[in-house]
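# Results of the structural survey
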Amino acid sequence: MDVSGFEGFEKRLELHFFGDDPEIFTLGLRKIDFESIQQVLEAVQCTVVSAVGNSYFDAYVLSESSLFVYPTKIIIKTCGTTQLLKSIHHMLHFAHHLGLTLCSCLYTRGSFIFPKSQPFPHTSFKDEVTYLEDTIPSNLCHRKASIMPSKSSSHSWHVFTANHYSVSHPHIPYDNDIFTMEICMTELDPILARKFFRRNRDGTTGDSAGKEMTELTGINEINPNAVICDYAFEPCGYSMNGMDGERYSTIHVTPEDGFSYASFECAGSFNDDIVHMLMKVVQIFRPGTMSISTTWNECNNEISPEKCLKPEVVAAAEAAKVEEGGKNDR
Ligand SMILES: C[S@+](CC[C@H](N)C(=O)[O-])C[C@H]1O[C@@H](n2cnc3c(N)ncnc32)[C@H](O)[C@@H]1O
């Protein structure tokens, strides 16, 4: 941990692949063995603390956040002083051996609380973009990098996208109904944040203490259908991955006062009850500041992260804040 505190804001990388073998849609990247996954994570400087899988994907809780492996997609999210972008080179190597080619890359992050503690290539957004430009293959020719405008300078969204387009694969299949929602929260209510400190040190494991926190805080009620894999760190900190069919969700909490942070991320559909979900998340953390981003695939196969939200998400966030306004005097 940095002398001043732990960097909660995650770096997030989403890579999509395509290939000619129909088997890639059933197993694909999930064929990468655990040793190779560990090799990728070694480059990033984090480890696996817990793992589960269902018939659609594998979910790993990491010492610093989470990894999701689908047949043609990988999402890796890491916090602290990890070097996330160093995973790309290794991932491309393993994917290549499975006959898979990268067709899109999305890298996002918020504003670091402790930017000066970040190692290369995360020393600045400029360095990150240069590193990405140099690492991703040239078939990803549509590239964009931007820091999206924000009312709060401490919650600026940094985005890099790169997409492939070819005549032979004009329509790489994406599910246009599914979007990703990420909520980043700082200045958590200190009383609620205390719930993410381990109480009984004796006889509990990271798994059992994690399960206790999931129930005590109501995280299990956000999506009651999700199978949850949770973990509590020592002396504090919490991570969970949820699996609901092919949809994932993930929560990470840094509860220490002075640099408290929590994030919630899920894959959702426009038919979901976003209001309910947002209300639940806000009630669990009562953050002083929060930002929400949604990302979805447009018909032209470009991954499009939006800080300007779909109206239903804006309405839900505002409803959640109004509801909490009366309860939280901060
Ligand atoms: C890994 S978790 C969740 C990360 C998530 N991105 C976040 O910041 O909310 C981070 C929390 O666990 C605590 N922690 C305790 N041991 C840790 C370890 N070995 N690695 C990472 N975090 C640890 C940190 O102090 C912090 O409160």
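None of these values were measured; they are calculated from a predicted model.

Looking now at the sheet that holds strand β1 (residues 11-18). Pairing in this open sheet of eight strands is antiparallel, and the strands run β2-β3-β4-β5-β1-β6-β8-β7 from one edge to the other. Of all the strands in the sheet, the pair left with one neighbour each is β2 (48-53) and β7 (142-148). Going across the sheet, the axis of each strand differs from the next one's by a mean of 10 degrees, ignoring polarity. Sheet analysis places β7 next to strand β8 (residues 157-163), joined by seven bridges and oriented antiparallel. Pairing of R143 across the sheet is with A162, part of β8. Lying over the sheet, helix α3 (residues 125-135) contacts β6 (101-109), β7 and β8, oriented at roughly 10 degrees with respect to β8.

Let us look at unusual backbone geometry. Of note, the amide linkage connecting F120 to P121 takes the cis form, showing an omega dihedral of 10 degrees. Mapped onto the elements of the fold, P121 is located in the loop between β6 and α3. Here the bond from E234 into P235 is cis, since omega is 0 degrees, no more than 30 degrees from zero. Here P235 lies in the loop between β10 (227-232) and β11 (238-244). One non-glycine residue, Q45, adopts positive backbone phi at about 75 degrees. Phi at E187 is positive, roughly 50 degrees, even though this residue is not glycine. Relative to the elements of secondary structure, E187 occurs in the loop between β9 (178-186) and α4 (190-193).

Bringing the domain arrangement of the chain into the picture now. As far as domains go, the chain holds domain 1 (1-173) and domain 2 (174-330). Contacts between the two partners involve 35 residues from domain 1 and, on the opposite side, 30 residues from domain 2. Those elements that provide at least two residues to the side of domain 1 that touches domain 2 are β2, β3 (58-62), β4 (65-69), β6, β7 and β8. In terms of residue class, the side of domain 1 that touches domain 2 is made up of 17 nonpolar, 17 polar and one charged.

Parameters at a glance
- Residues numbered from 1 in each chain as written.
- Predicted model: local features only at pLDDT ≥ 70, side-chain atom pairs only at ≥ 80, totals over all residues.
- Pairing = 2+ DSSP bridges.
- Helix = DSSP H or I, 4+ residues; strand = E, 2+ residues; numbered from the N terminus.
- Axes fitted to C-alpha atoms, helices over the stretch in contact; angles between N-to-C directions.
- Contact = placed C-beta atoms within 7 Å.
- Domains from an automatic or database assignment.
- Nonpolar A, V, L, I, M, F, W, Y, C, P; charged D, E, K, R; others polar.

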